[in-house]
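Per-entry structural report
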Amino acid sequence: MKSISYFVKPTFSRTLLFLIPISLVFYPNCSGSRIERISEPPGQFTVTKNSEDFPFLKLHMKNGELYVLEKWNFITSKDSVSGSGKLLNPNREVISEDQFTVSMQQIVLAETNQISVSAGTGALVALSVVTGIFTVVCITNPKACFGSCPTFYAYNGEDYIVQSEGFSSSISPALEEKDVDALYRINPSDDNFVIQLKNEAYETHVIRSANLLAAPKPEGGRVFSTPDGEFLQAINITEASSITAIEGDISEKLCSFDGVERFSEADSNNLASKEIIEFIFDKPVSDRMGIVIAARQTLLTTFLFYQSLAYMGTTAGEWLAKLERNSNQLKPLLEKPSVLGKIDVLMQNEKDEWVKVGEVGETGPIATDIKIVPLTKISSRVKDNSSINIKLRMAKGLWRIDYIALAELKDNVKPVIIPPSTSSPQYSGSSNVVELLTNPDSVLVTYPGDKFLLNYKLPADYYNYELFMESQGYYLEWMRNEWLAEENSNKVYQMLFNPQQYYKDLAPQFKKVEAEMEETFWSSKYVYP
Amino acid sequence: MSIHNRTHCAIILISLTLFTGCATTYAPDNWLPDTQDVPQNVFGGWITVITEPDSLNPDEKWMQYSGEFISFDDSTIYLLYDSLYQIPKRNIRNSTLELDEKSSTTYGFWVFGGTVATLSHGYYAAISAPLWLLIGIPTAVGESVRDRYEAEEPTKEYWDSLNKFARFPQGITNIDLASIKPIFKYKE
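How each quantity is defined
Every chain is numbered independently, its residues counted from 1 as its sequence is written. Key to labels: chains lettered from A, ligands numbered from 1, both in the order written. Local features in this predicted model are restricted to residues whose pLDDT is 70 or higher, and side-chain atom pairs enter the listing and the counts only when it is 80 or higher, whereas totals over whole chains, interfaces and linings include all residues. In DSSP terms, a helix is any run of H or I states spanning at least four residues, a strand is any run of E spanning at least two, and both are numbered starting from the N terminus. A residue is called partly exposed when the number of other C-beta atoms within 10 Å of its own lies between 12 and 20, exposed at 12 or fewer, and buried at 20 or more, with C-beta atoms placed from the backbone. Contact between residues is assigned whenever the C-beta positions, reconstructed from backbone atoms, fall within 7 Å. The criterion for strand pairing is that DSSP finds at least two bridges linking the strands in question. Angles run from 0 to 180 degrees between N-to-C directions of axes, and those axes are lines fitted to C-alpha atoms, restricted for helices to the stretch in contact. Working definition: the nonpolar core is a set of buried Ala, Val, Leu, Ile, Met, Phe, Trp, Tyr and Cys residues, joined through C-beta atoms within 7 Å. A helix is expected to span 1.5 Å multiplied by its residue count minus one. On a range of 0 to 100, pLDDT expresses the predictor's confidence in each residue. Oblique is the label for any angle not covered by the other classes, which are roughly parallel (under 35 degrees), roughly antiparallel (over 145) and roughly perpendicular (65 to 115). Handedness of a crossing follows from how the near helix is turned relative to the far one, being left-handed for an anticlockwise turn of less than a right angle and right-handed for a clockwise one. The classification used treats Ala, Val, Leu, Ile, Met, Phe, Trp, Tyr, Cys and Pro as nonpolar, Asp, Glu, Lys and Arg as charged, and all other residues, Gly among them, as polar.

**Focus on the overall build of chain A**
For chain A, the count of helices and strands is 10 helices and 27 strands. Of all 529 residues assigned to chain A, the portion counted as buried reaches 39%. Pairs at least 24 residues apart make up 76% of the contacts formed inside chain A by residues separated by at least 6 positions.

Structure (structure tokens):
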């Protein structure tokens, strides 16, 4: 659940405060009456009998006495009113309680009241039910709520779209690292390039640098980064002629980098259980090829990360401090090849055995990253001299794959590093964001809701360059109250030393929330209109 | 202004709007009946009048009188508190009659709680929080002024419309007002 501290951000709070006087404009329309009193001489009284709407009748007598009757009715034939109830004196003390028949001649005024239902209560009940659904979803499933690392948005000609999430696996100072994400779908319109840097989660982001990298493109081609941090020019980018997963042909989903993704559900018994996607590409034109893979993670890793923090509970700070103090011992545990793994690229060797030739996969469920995995000895792997088969192996339910292609590799290029030149707004009143991001000894620290525009000056022939976002830093996830109830140090040890069992044990728990997690995650994103 | 200050400021403003925007009641605690009990209530509504001093009497001051609305005639309003007060209608500059206990405080807390609960809605809070305010504030304020009859410089029509809410809507011609017991004892 969100903390109150983040409720009122400038734009949002102004909107809410603006709505208060606006809402008051409408209040006279909501201030109707619930009490309808009919008070007439008995001869003119239009209601003749008690009902659910008119349960009581009061008869005002000349001397100030009052009858209050239930189960009443006017007896026109006898010119009287009958009912059971009380007779009260002018001081409203009860004189008697009985069945009464009162002559209409004695009555000065008859009175009855109808109480209508409260429209206000109805409106608030309806509002509570509707908005309560969202509240319950987020409170009961706090591990589904939005978490990220610094998010970088770039302008695509229509709107700012999320293009990169920085250093997603750097969850403590000891794990600080550099991260490179391609701004593949962005076409700058001039040499002034703007990036929006946001903190949209319950996290403290410590950002050492946020540079643009501009790599020269080959004619008719693009530049991709590799998992090893190299930048390779690529041409002749071709889609697969056939792509098959367990559900059948998925070629249509993976033929272009368009946001249409292929993903599967996690295994019910073991979150580390693997699946295979098979590709057939036409015979490559060169012996130096690479497979282009655009993918992001599902929310499985987010769940696991939050669940691990929940198991650490109140000792999460101690665990992270241990990591800082004993980084030589704990860091290898965290950095060792994960049981979940990345996306393995498999090809057949000379003996027709499928072997791993590379891997790709960046932590984070928000921004789809595109990378290229170089393939070697292509000519020896071409089948029947006409096509080449490639398989991707990955944990079920862990990856959302958007685009797969084969590309001919050209030169290895060194990108130009472009630090931000100016920024807005100022940081903490007087500090300069650019200064903080360009000085390697300083960091920009951001909190939920912070947002900065970073301005970069591209080369004059900017259209000849492929752009990448390179960020360095780490982040600290904020504990949520709801997580503290699950503190269990044995589970933390299991995660570190027996992850195979850990992922099996957690499978049923994840399956319970898997279906709704995506929607809950994005709807709980911490953004401001 | 820091995040916390902005938060506190907005919450205080919302609270103030809810709780001061609502009309206050002049009636003593637990005197007005709940709305559903009005049909069997045997007393008059609670009336509060503000009177102007008589220009011929320099010692008189502006006064506020509150009590059970007993009745009125051509020249006088009768209200009962620690005794029966007879107030000349010509001196009355403002009058407010209340019939029942309002739920505006409950509504206020309800709206406040509902708005705060939208903090958990993430992206949808941009819709749900304004929705709570747009619907909740008019509802809470509207509840406080519902079935409340207020007039500046009350006219004959106003008094006639109040007649049915008096303890004696039939008039007091045949009633011994001296025998009417006060509803509150004056405490020294």
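**Digging into the overall build of chain B**
Within chain B, the regular secondary structure consists of four helices and six strands. Ordered by position from the N terminus, the helices and strands of chain B form the series α-β-β-β-β-β-α-α-β-α. In chain B, which comprises 188 residues, the share counted as buried stands at 41%. If you take every contact in chain B between residues at least 6 apart in sequence, the share linking residues at least 24 apart comes to 64%.

**A closer look at the sheet that holds strand β14 (residues 242–245) of chain A**
All names here are of chain A. One open sheet accounts for six strands, arranged β15-β14-β16-β21-β18-β19; its pairing is antiparallel. Across the chains shown, the open sheet's two edge strands, defined by having one partner strand only, are β15 (248–249) and β19 (354–360). Here six bridges tie strand β18 (residues 343–348) to β19, and the two strands are oriented antiparallel to one another. Residue pairing for β19: Q348 is matched across the bridge by W354.

**Quick look at the environment of W31 of chain B**
Looking at the secondary structure, you find W31 of chain B in the loop between α1 (3–20) and β1 (46–51). Classification of W31 of chain B by C-beta neighbours within 10 Å gives partly exposed; the count is 15.

**Considering the sheet that holds strand β5 (residues 94–103) of chain A**
Each strand in a sheet pairs with its neighbour through backbone hydrogen bonds, running either in the same direction (parallel) or in the opposite one (antiparallel). Residues and elements named next belong to chain A. Reading across from one edge, β1-β6-β2-β3-β4-β5 is the order of the six strands in this open sheet, with antiparallel pairing throughout. What marks the edges here is a single partner per strand, and that holds for β1 (35–40) and β5. Averaged over neighbouring strand pairs, the angle between their axes works out to 25 degrees when direction is ignored. The pairing of β1 with strand β6 (residues 107–115) spans six bridges and is classified as antiparallel. Each residue of the ladder has a partner; that of E40, found in β6, is A110.

**Quick word on the nonpolar core**
Grouped together as the largest cluster of nonpolar side chains are 87 residues, with contacts concentrated most on I291, V292, I293 and I404 of chain A. Setting aside anything within four residues of it in sequence, one finds I293 of chain A in contact with I343, V360, K371, V373 and I404 of chain A. Grouped together as the second largest cluster of nonpolar side chains are 22 residues, I87, L99, F165 and I180 of chain B included.

**With respect to the pairing of strand β16 (residues 274–282) of chain A**
Residues and elements named next belong to chain A. In this structure, β14 lies alongside β16, joined through three bridges in antiparallel fashion. For T244, the partnering residue across the bridge sits in β16 and is E278. With nine bridges connecting them, β16 and strand β21 (residues 387–395) associate as antiparallel partners. Of the residues in β21, the one forming a bridge with E278 is K391.

**Section: the environment of Y403 of chain A**
All names here are of chain A. Tracing the sequence through the fold places Y403 in strand β22 (residues 399–412). Y403 sits 145 residues away from D258 along the chain, and the two C-alpha atoms are 7.9 Å apart. Residues within four places of Y403 in sequence aside, it is in contact with L254, S256, F257, V292, A294 and I370.

**A closer look at helix α4 (residues 300–312) of chain A**
Residues and elements named next belong to chain A. In this model, α4 (13 residues) spans 18 Å end to end at C-alpha, consistent with the 18 Å of a helix rising 1.5 Å per residue. With 11 of its 13 residues buried, α4 lies for the most part within the structure. Positive phi appears at G313, one or two residues downstream of α4, with a value of about 55 degrees.

**Considerations on unusual backbone geometry**
Of note in this structure, R92 of chain A is not a glycine but carries a positive phi near 65 degrees. A residue is classified by how many C-beta atoms lie within 10 Å of it, and R92 of chain A, with 20 of them, is buried. At E153 of chain B, a position not held by glycine, the phi torsion is positive, near 50 degrees. Residue placement: E153 of chain B occurs in the loop between β6 (148–152) and α4 (156–162).

**Some thoughts on the confidence of the model for chain B**
Of all residues in chain B, 82% have pLDDT values of 70 or greater, and the mean over the chain is 83. Note that residues 1–5 of chain B has pLDDT below 50 and, in this model, three contacts with residues that lie over four places away or in other chains.

**Some details on the packing of α4 of chain A against helix α9 (residues 489–497) of chain A**
Angle between the axes and distance between the axes are the two parameters that describe a pair of packed helices. All names here are of chain A. Viewed as axis vectors pointing N to C, α4 and α9 meet at an angle of 135 degrees, and their least axial separation amounts to 7 Å. Taken together, the axes of α4 and α9 lie oblique to each other. Pair α4 / α9 crosses with left-handed handedness. Where α4 approaches α9, its residues S308, Y311 and M312 are matched on the opposing element by K491, V492 and M495. Here the residues of the contact of α4 with α9 sort into four nonpolar, one polar and one charged.

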